[in-house]
Amino acid sequence: MTPPHQPSPQQQMDQAAHAILEQLPTLTHRGLVVDSPPGAGKSTLVAQAADALAQSSAPRVVITQTNSQVDHLVRRFAQHHPHLRTARLTATDHTVPHDLQAHPGIRIGTRIEALEKTADVIVGTAMKWATVTDRRWPWAIIDEAYQMRSDTLLWIAGIFDRALFVGDPGQLDPFSEVETDRFHGLSHDPMNSAVAVLLANNRDLPVHSLPVSWRLPPSAVPPISNAFYPSTPFHAGSREADRTLTFSPLDIRTPTDEVIEHAARTGWALFELPARITGRRDIEAFQAVLGIAERLLTRRAITTCEENPQGHILQPGDIAIGTAHRSQAHDIRALLTRHYPQLHGITVDTANRLQGCEFRITIVLHPLSGRGDASAFHLEAGRLCVLTSRHRHACIVVARAGIAELLDAHPSNDPVHPGAASKVADGWEANHAVLAHLTEHTINAQARPGRRRG
């Protein structure tokens, strides 16, 4: 319970949002940055800001990074801010979801000329806004700003006078499939996030942060905050008693039962397979993640939370399996289709695709499981951060033994680039921090039930 002399999580959130919204109309800088940890209410703040700024005749420009993010925001505006006339600026080759097409309060267009005179808020991807010329508006709101490449910001900077940048500094940085080493250390590195470059070149820009995660339970916040958000601390909006995960008791338990029961009690579990170098394709690990998901449903797991205090029987749609590689997600989906029909409806995808998503339970195939090296891709802090911060109740990690030894055999020795700007935590240190936390929650996949390591 929150001590009487301290504001409640909701009051802290309201105070933070009020301070941001109050500063917008009188802002003298060209931008304002809001750091938002997982589940802290980015979309809510974006909608509130658009509502607050939509007091003049000019429409508010809302810029995000993917079409799914645009559709999500447009849907939120229509549901929670129906007094705003919302428009969706879209590319001709994108099919807007049917529910948005059928909504009477949403206008959809491929050209700004068709939307600008009749909308209070216009939402589109950065790449679509980059095609708009000969226009300039007083404000733009940039959602998921840490996912935007800095060169993309240059493409669209000419269409607004000031911008509110809202994003999660712990998520995956922008990426490219082409070689970009020659840009490292430059103040305008196009592969750095838009916010990192913006702050590096405008050090007096005001920065706010949202202090509460409404998604992550109290058990998840300390390890996630310490490992991935050293400069943006936050805490949970829920209490320990608010989130429960329960099962029917069993007389005989398997290691899989033990791992899900341990996760139910503590919010975390590491299901440790024997050490082995397998590369990306580890059938035993694939079967382990699917077996855990299957067991959660077979035992009719029940969750309670602030939204469902009466209890909710876990459904396939409440579970996600996260991987580092697309090929791993593809192989797991193939196994699921052939051998686990009862799991139809669960989400299996990569960290990149799981950004912004939320589930009751996440099962993570550790990026370094079964590897013989620790490349920059597999060490990236943002990847592990996304995979371990999507859940409301519990996160279960599946991995081969020996990751700590692998990290020690491949110390962090990437070249230092003076001038590089990023808030992302060091991947080597973040992986060690998460492993140290999981040591207390390790279940040996071959051990007799009741004998936990650590």
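Coordinates for the structure precede this section.
> Explain helix α2 (residues 42-53) residue by residue, including any values.
The first and last C-alpha atoms of α2 sit 16 Å apart over 12 residues, in line with the 16 Å expected at 1.5 Å per residue. Burial runs high along α2: 9 of the 12 residues are buried.

> Explain unusual backbone geometry to me, and be specific about the residues and the numbers.
Backbone geometry at aspartate 134 places phi at a positive 60°, although glycine is not the residue there. Summarising the element assignment, aspartate 134 is placed in the loop between α5 (126-129) and β6 (137-143). One non-glycine residue, glutamate 144, lies in positive phi territory at about 50°. The residue glutamate 144 is located in the loop between β6 and α6 (150-156) in this model. The buried category is assigned to glutamate 144, whose relative accessible area is 9%.

> Tell me about the pattern of salt bridges, residues and numbers included.
According to the stated counting rule, one finds 26 salt bridges in the structure shown. The partner of glutamate 284 in a salt bridge is arginine 400, with the nearest N and O atoms 2.8 Å apart. Residue glutamate 284 is found in helix α10 (residues 283-298), and its partner arginine 400 is found in strand β18 (residues 391-400); the two are separated by 116 residues along the sequence. The exposure class of arginine 400 is buried, given its relative accessible area of 3%. Put simply, glutamate 380 and arginine 383 hold a salt bridge, and the shortest N to O gap is 3.1 Å. Of the residues examined, arginine 383 reaches a relative accessible area of 3% and is grouped as buried. Shared partners join several salt bridges into a network, and the residues in it are Arg215, Arg243, Glu306, Glu307, Glu358 and Arg392.

Analysis parameters
Throughout this description, residue numbers start from 1 for each chain and increase along the sequence as written. With the structure being a predicted model, the display of local features is reserved for residues of pLDDT at least 70 and the display and counting of side-chain atom pairs for 80 or more, all residues being used for whole-chain, interface and lining totals. Working from all heavy atoms in the structure, the side-chain values ignore hydrogens and water. Per the convention used, a helix needs a DSSP run of H or I reaching at least four residues, while a strand needs a run of E reaching at least two, with both numbered from the N terminus. Helices are assigned an expected span. That span is 1.5 Å times one less than the residue count. Residue exposure (1.4 Å probe, protein chains only): buried if accessible area is under 20% of the type maximum, exposed if over 50%, otherwise partly exposed. Any carboxyl oxygen of Asp or Glu that lies within 4 Å of a side-chain nitrogen of Lys or Arg is treated as forming a salt bridge with it.

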